[in-house]
Amino acid sequence: MSIVTVQLGQCGNQIGFEVFDVLFSDSYCSQGLCSKKENEAYQASCKERFFSEEENGVLAAQAVLVDMEPKVINQTLSKAAQSGRWKYGQHACFCQKQGSGNNWAYGYSVHGPRHEESIMNLIQKQVEKCDSLSGFFIIMSMAGGTGSGLGAFVTQNLQDQYPNSLKMNQIIWPYGTGEVIVQNYNSILTLSHLYRSSDALLVHENDAIHKICVKRMNIRQISFSNINQVLAHQLGSIFQPTYSAEGSFHYRRNPLGDLMENLVPHPEFKMLGVRNIPQMSENSLAYSTFTWAGLLKHLRQMLISNAKMEEGINWKVRPPLSGLPALDKMSFNKELHFNTSIANLVILRGKDTQSTDLGFKDPALYTSWLEPDNAFNVWKTQRAFNKYEKSAALVSNSQFLVKPLDVIVGKAWNMFASKAYIHQYTKFGIEEEDFLDSFTLLEQVIASYYNL
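Quick caveat, the model's predicted, so the values are computed rather than measured.

A. Quick peek at helix α4 (residues 104-129). Compared with the 38 Å implied by 1.5 Å per residue over 26 residues, the 32 Å span of α4 between its first and last C-alpha is markedly short. Roughly 65 degrees is the biggest bend found in α4, and it falls at E116. With a side-chain oxygen positioned 2.9 Å from the backbone nitrogen of A105, the residue opening α4 is N103.

The following block contains the structure:
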């Protein structure tokens, strides 16, 4: 089944390009460490999900590119064409001459309704190319104007027009220090609107990815391109094909549906985070060997201590004893910042995956209302990913965002209480009432996750 990707704004388009580039180069790389037959099945499965074949045999990304300024889209198109390996479709772009000026209200209330028909027509053309639609993958930031405001508007439209298709939004959480003065307003408006219209929010924090570039990739001067490549690696590790069942050698047909089924058991909880191990520069990789036991021990501790990478993990954090009553569990969690999960999915890629003992089924890792058998799943393939002989990804629905979300809501509330910059939103039809609705919804989300 196919996924239609919608790339929105500067951030969404730049990340989208890197994602398709990783998907293509991984699928067609000779270092898959598996048989030719298996490699061909893997390629075919990736192609079915993300690409369509043009008449001349070149693969075209199943994507729609949207931005309100032409510069980034033109760069993205030419980078894809120059790669000589894949490209974007000829009629897959929509851009204008005037951006959204980092104003969520302008993206949502002006650009959205004005260009709704053109954008939705482009998406429909991509959908019509698919034999079978798994759903939509929408890539956007939440701090600016176009990606966030127009992104929320487009997601809402997709929900209205394709109510039976799944929608997953990949959103970039802004740097804590912030590059846009109204980023907290933009963020709360984006999150609250997506919470109503999307099935899952896959969140990447800029600060965390930045640290990975410094500590794991050993990059001295970090560019957005470096950050986007780490992001693309993480997304590829989730979306590339895996076997449909233990002992099966058939690949999953419905990647979005399977992800949602495993990770979003309740509509109140739809925030997903990703952790990968190992992550390192190519130079370091040449001199490294890994065991599954070592990788999974680190990955499990990254989960429970809420670490984003294998460096600097707090090994003192332990799950509460399974026998503790709920109240004791809560006070225990607050003391040691144990990260309680609702659901976890581990994806293993590489040789000998059959022999892995995971340690992720401990009931203490999960909320009391889900059995570990329902809350935990593992997907596998013997095909190596992106030059890593063994690699593991963890997609987790857990308390990992409670603190960052609380901080953003708090900062936005402080500005709102003094009416700072509100006039920039009200002049485009976003009223104070809309802000209050957003605060209410997100306070509820924070409380629900906090009380797991």
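B. The environment of S78, seen in detail. Note on placement: S78 falls in helix α3 (residues 70-83). Its relative accessible area of 31% is what places S78 among the partly exposed residues.

C. Quick look at the nonpolar core. In this structure, F51, W86, I123, M168, M271, F360 and F435 are the most contacted members of the largest nonpolar core, which totals 144 residues. When sequence neighbours within four positions are dropped, the list of residues in contact with F51 reads F20, L23, F24, C46, L59, A60, A61, Q62 and W86.

D. Quick peek at the packing of helix α5 (residues 146-161) against helix α6 (residues 183-197). The contact between α5 and α6 brings their axes to 9 Å, and the two run at 10 degrees. The orientation of α5 relative to α6 falls into the category roughly parallel. Each of S148, A152, T155, Q156 and Q159 in α5 lies in contact with α6, whose residues at this interface are N186, T190, H193, L194 and S197. The residue inventory of the contact of α5 with α6, partitioned by class, reads two nonpolar, eight polar and no charged.

E. Just the packing of aromatic side chains, in detail. For the structure on display, the rule yields 27 aromatic pairs. On the basis of an interplanar angle of 75 degrees and a centroid distance of 5.1 Å, the ring pair of W86 and Y88 is categorised as edge-to-face. Each member of the pair W86 and Y88 is classed as buried. Looking at R349, its charged tip hangs above the ring of F385, at a distance of 5.7 Å from the centre. Sitting over the face of the ring of F416, K419 holds its NZ or CZ atom 5.4 Å from the ring centroid.

F. Here's a closer look at the pairing of strand β10 (residues 271-277). Most of β10 is tucked away, with seven of its seven residues classed as buried. Here β10 shows two buried faces, one formed by M271, G273, R275 and I277 and the other by L272, V274 and N276. Direction of pairing for strand β9 (residues 200-205) relative to β10: parallel, over a ladder of two bridges. Pairing of L201 across the sheet is with M271, part of β10. Two strands pair when backbone bridges link them, and β10 and strand β13 (residues 390-398) are joined in this way by five bridges, in the antiparallel orientation. Looking at the pairing, N276 lines up with A393 of β13.

G. Summary view of the pattern of salt bridges. Under the defined criterion, the tally for this structure stands at 15 salt bridges. Among the ionic pairs, E310 bridges to R216, the shortest N-O distance being 3.2 Å. Within this pair, whereas E310 is found in the loop between α11 (292-304) and α12 (326-336), its partner R216 is found in the loop between α7 (206-215) and α8 (224-239), the two being separated by 94 residues in sequence. One exposure class covers both E310 and R216, and it is buried. Salt bridges linked by common partners bring R216, E310 and E311 together as one network.

H. Broad picture of the confidence of the model for the chain. Of all residues in the chain, 96% have pLDDT values of 70 or greater, and the mean over the chain is 89. This model gives residues 326-335 a pLDDT under 50, and the stretch forms twelve contacts once residues within four places in sequence are excluded.

Parameters and conventions
- Residues numbered from 1 in each chain as written.
- Predicted model: local features only at pLDDT ≥ 70, side-chain atom pairs only at ≥ 80, totals over all residues.
- Heavy atoms only, no water.
- Helix = DSSP H or I, 4+ residues; strand = E, 2+ residues; numbered from the N terminus.
- Expected span 1.5 Å × (residues − 1).
- Bend = angle between axes of the 7 residues up to and from the residue.
- Polar contact = N/O pair within 3.5 Å; in protein donor to acceptor, adjacent residues only side chain to side chain.
- Buried < 20%, exposed > 50% of the residue type's maximum accessible area, 1.4 Å probe, protein only.
- Core = buried A, V, L, I, M, F, W, Y, C linked by side-chain atoms within 4.5 Å.
- Contact = heavy atoms within 4.5 Å.
- Axes fitted to C-alpha atoms, helices over the stretch in contact; angles between N-to-C directions.
- Parallel < 35°, antiparallel > 145°, perpendicular 65-115°, else oblique.
- Nonpolar A, V, L, I, M, F, W, Y, C, P; charged D, E, K, R; others polar.
- Phe/Tyr/Trp six-rings, centres within 6.5 Å; stacked < 30°, edge-to-face > 60°.
- Lys NZ or Arg CZ within 6 Å of the ring centre and 35° of its normal.
- Pairing = 2+ DSSP bridges.
- Salt bridge = Lys/Arg side-chain N within 4 Å of Asp/Glu carboxyl O.
- pLDDT = per-residue confidence, 0-100.

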